[in-house]
Amino acid sequence: MENLFFNPTKVIFGRGCVGEYDFSAHGKRCLIVCGGKSARLSGALDDVRNALGKFNIAFSVFDRVEQNPTVETCHAAGEAAREQKAEFIVAVGGGSPLDASKAAAYFAANVHLTPETLYNGECRAKPLPIVAIPTTAGTGSEVTQYAVLTNHRISNKQTLKSPLLFPVTALLDAEYTVTLPPHIANATAVDALSHAIEGYFSKSATTVSDALAEKAMFMIGRALPSLAEGRLDAALRERLLVGSMLGGMVISVTGTSFVHSFGYPLTYYENIPHGEANAYFLPDLLNYAMRVSENRVNRTLRLCGVKTCDEFFELIRRVCPCDKLFEREDAMKYARVGENGASTRRGIYEPTHDDCYDMLRKYIK
Ligand code: ZN
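Being a predicted model, the structure only gives us computed values, none of them experimental. Residues take numbers from 1 onward in each chain, read along the sequence in its written order. Given that this is a predicted model, residues contribute local features only at a pLDDT of at least 70 and side-chain atom pairs are listed and counted only at 80 or more, while totals for whole chains, interfaces and linings are drawn from all residues. In computing side-chain values, all of the structure's heavy atoms are included and hydrogens and water are not.

S.K.: Please clarify how the coordination of the zinc ion should be interpreted in this entry.
M.R.: Surrounding the zinc ion are the protein donor atoms Asp-191 (OD), His-195 (NE2), His-260 (NE2) and His-274 (NE2), which sit 2.1 to 2.2 Å from the metal. Donor criterion used throughout: N, O or S atom within 2.8 Å of the metal, extended to 3.2 Å for Na, K and Ca. Water excluded; incomplete-looking sites may result. Each label reflects the angles at the metal, where four donors whose angles all fall between 85 and 135 degrees are tetrahedral, four or six donors whose opposite pairs open beyond 155 degrees and whose other angles stay between 65 and 115 are square planar or octahedral respectively, and the rest are irregular. Each of the four donor atoms bound to the zinc ion contributes to angles spanning 83 to 167 degrees, and the resulting shape is irregular. Between consecutive donor residues of the zinc ion, the sequence gaps follow D-x3-H-x64-H-x13-H. Here Asp-191 is found in helix H6 (residues 182–200), whereas its partner His-274 is found in helix H11 (residues 274–279), with 83 residues between them in sequence. In this pair, the class of Asp-191 matches that of His-274, namely buried. By definition, any uninterrupted DSSP run of H or I lasting at least four residues is a helix, any uninterrupted run of E lasting at least two residues is a strand, and each is numbered from the N terminus. Residue exposure (1.4 Å probe, protein chains only): buried if accessible area is under 20% of the type maximum, exposed if over 50%, otherwise partly exposed.

S.K.: What is the right way to read the pattern of salt bridges from this model?
M.R.: If charged atoms from side chains of opposite charge come close, those side chains can pair. Salt bridge, as used here: a side-chain nitrogen of Lys or Arg that lies within 4 Å of a carboxyl oxygen of Asp or Glu. Following the criterion strictly, the structure yields 15 salt bridges and no others. A salt bridge links Asp-355 to Arg-291, with the shortest nitrogen-to-oxygen separation between them at 3.8 Å. Of this pair, Asp-355 sits in helix H16 (residues 353–361) while Arg-291 is found in the loop between helix H12 (282–289) and helix H13 (294–304), placing the two residues 64 residues apart along the sequence. Put simply, Glu-72, Glu-116 and Arg-153 are held in one network by salt bridges that share partners.

S.K.: Before we go on, may I ask you to explain the packing of aromatic side chains in this structure?
M.R.: For this analysis, a ring pair means two rings from Phe, Tyr or Trp (six-membered ring only for Trp) whose centres lie within 6.5 Å, classed as stacked if their planes differ by under 30 degrees, edge-to-face if by over 60, and tilted for the remaining angles. This structure, assessed with the given rule, holds 14 aromatic pairs. Residues Tyr-269 and Tyr-334 carry aromatic rings whose centres are separated by 5.6 Å and whose planes lie at 25 degrees to one another, so their mutual orientation is stacked. You can see Tyr-269 sitting in helix H10 (residues 258–270) and its partner Tyr-334 sitting in helix H15 (residues 328–339), a full 65 residues away along the chain. On the basis of relative accessibility, which here comes to 32%, the residue Tyr-269 falls in the partly exposed class. Among the aromatic side chains, those forming a connected cluster through ring pairs are Phe-258, Phe-262, Tyr-268, Tyr-269, Tyr-280, Phe-281, Tyr-288, Phe-326, Tyr-334, Tyr-349 and Tyr-363. The rule for a charge over a ring is simple: NZ of Lys or CZ of Arg within 6 Å of the ring centre, and within 35 degrees of the ring normal. Directly above the aromatic system of Tyr-200 lies the positively charged group of Arg-296, at a separation of 4.4 Å from the ring centroid. Here Lys-333 stacks its cationic end above the ring of Tyr-269, 4.0 Å away from the centre of that ring.

S.K.: I would appreciate a short explanation of the nonpolar core in the present structure.
M.R.: Within soluble globular proteins, side chains that are nonpolar tend to cluster in buried spots. We define a nonpolar core as any set of buried Ala, Val, Leu, Ile, Met, Phe, Trp, Tyr and Cys residues linked to one another through side-chain atoms lying within 4.5 Å. Judged by nonpolar contacts, the single largest core of 71 residues is most densely connected at Leu-193, Ile-197, Phe-281, Leu-286, Phe-312 and Phe-326. Here this core gathers at least three residues from each of two domains, domain 1 (10–176) and domain 2 (182–361). Non-local contacts of Phe-312, meaning those with residues more than four positions away in its chain, are made with Leu-193, Ile-197, Leu-282, Pro-283, Leu-286, Leu-301, Cys-304 and Val-306. Counting residues in hydrophobic clusters, the runner-up holds 30 residues, among them Ala-77, Ala-105, Ile-130 and Ala-147. Segment limits for the domains were obtained from an automatic or database-derived domain assignment. Contacts: residue pairs with any heavy atoms within 4.5 Å of one another.

S.K.: Teacher, can you tell me more about the side chain of Thr-300 here?
M.R.: On the secondary structure map, Thr-300 appears in helix H13. The buried category is assigned to Thr-300, whose relative accessible area is 0%. Pairing of N or O atoms within 3.5 Å defines a polar contact, subject to two protein rules: one partner must be a possible hydrogen donor and the other a possible acceptor, and residues neighboring in sequence count only if both atoms are side-chain atoms. A distance of 2.8 Å separates a polar side-chain atom of Thr-300 from the backbone oxygen of Arg-296. Not counting chain neighbours up to four residues away, the residues in contact with Thr-300 comprise Ile-197, Tyr-200, Phe-201, Met-217 and Leu-286.

S.K.: Just checking my understanding: could you explain unusual backbone geometry for this structure?
M.R.: One can expect most non-glycine residues to show negative phi and most peptide bonds to be in trans. Located in the positive-phi region is Asn-56, a residue other than glycine, with phi close to 55 degrees. Positionally, Asn-56 belongs in the loop between helix H3 (44–54) and strand S3 (58–65). Even without glycine at this site, Asn-271 takes up a positive phi of about 60 degrees. You can see Asn-271 is positioned in the loop between H10 and H11.

S.K.: So what exactly am I meant to see when it comes to the pairing of strand S7 (residues 156–161) here?
M.R.: Within a regular strand, the side chains alternate between the two sheet faces. Here a strand pair is declared whenever DSSP counts at least two bridges between the two strands. By the bridge criterion, six bridges tie strand S6 (residues 146–151) to S7 in an arrangement that is antiparallel. For Ala-147, the partnering residue across the bridge sits in S7 and is Leu-160. In this antiparallel pair of consecutive strands, S6 and S7, the connection spans four residues, and Ser-155 shows a positive phi of 50 degrees.

The quantities given are spatial measurements derived from coordinates; they are silent on function.
Written as structure tokens, this is what we have:
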């Protein structure tokens, strides 16, 4: 018996879809969870406010989600939802607000949970339903059961995972990605590609996740040259948003692998954006995977529109330069954290102790 696929999120796509969506199906009171900037700048927050107003839904806005949100911020958002007597949450933004909204929904329904007990405590009540509206094309969080949060107790990012955390609905409107600064658009695209590739080389890959991954690699991989040149039109933005959603569906089956495990300490300690942190190690994945599945690597390269691993490496570097170098001591610490990461051994190639350190040695000052 093999569990091929499970993903309960309804996905609605298209320009203006937020304005057309019937939010009243989820209740009469809600909390909007977002960050300080992109939800407003993209126009998504205004669209959500108008749509909620149309249905006379009472709402308040929690806009204090920071980049790489902490467990404490999510707890505060959960309390805000409780105070508002919210029946559902609308999450607007990139991966940070989307992930934070999931933990907030979890906290809101489970009064006994605290930032200290979030990861080990029992989930006694179903988290509030979430309508997720991404404003970046990268995270895929709108269709996953994961919330990746900053946990200072372990000095790293940590994933909260539950089938109850899938958003009920994802509303995808590529117009909201227009205001993204180019380096964020690039980093988030590499994150999405990374989800597809990590899933494709996962021990847990299934026929369905492979099909989704191949399509995602094609849609995102072929967009990389345009991203590198800063040329993005409406059609390309739509492809990236759908590709990113497909990448999310892939990891909802497979989880991520060592690229994410090694990227997390770069984000935690060096403040390197998540997608760019993945770009430091994504080419390594293909090089190592060559040792166990040349066919799969060649298919990946073909789908991404390149011929060799070297060409792939150059393409990724054109999109995300990865030019930050680290002190030896720090690099070795990141290698250690990466080696012990929760998803490091999920891939069909398990990096050895030496591999783990080699991956960081390249980036020593
Ligand atoms: Zn990611």
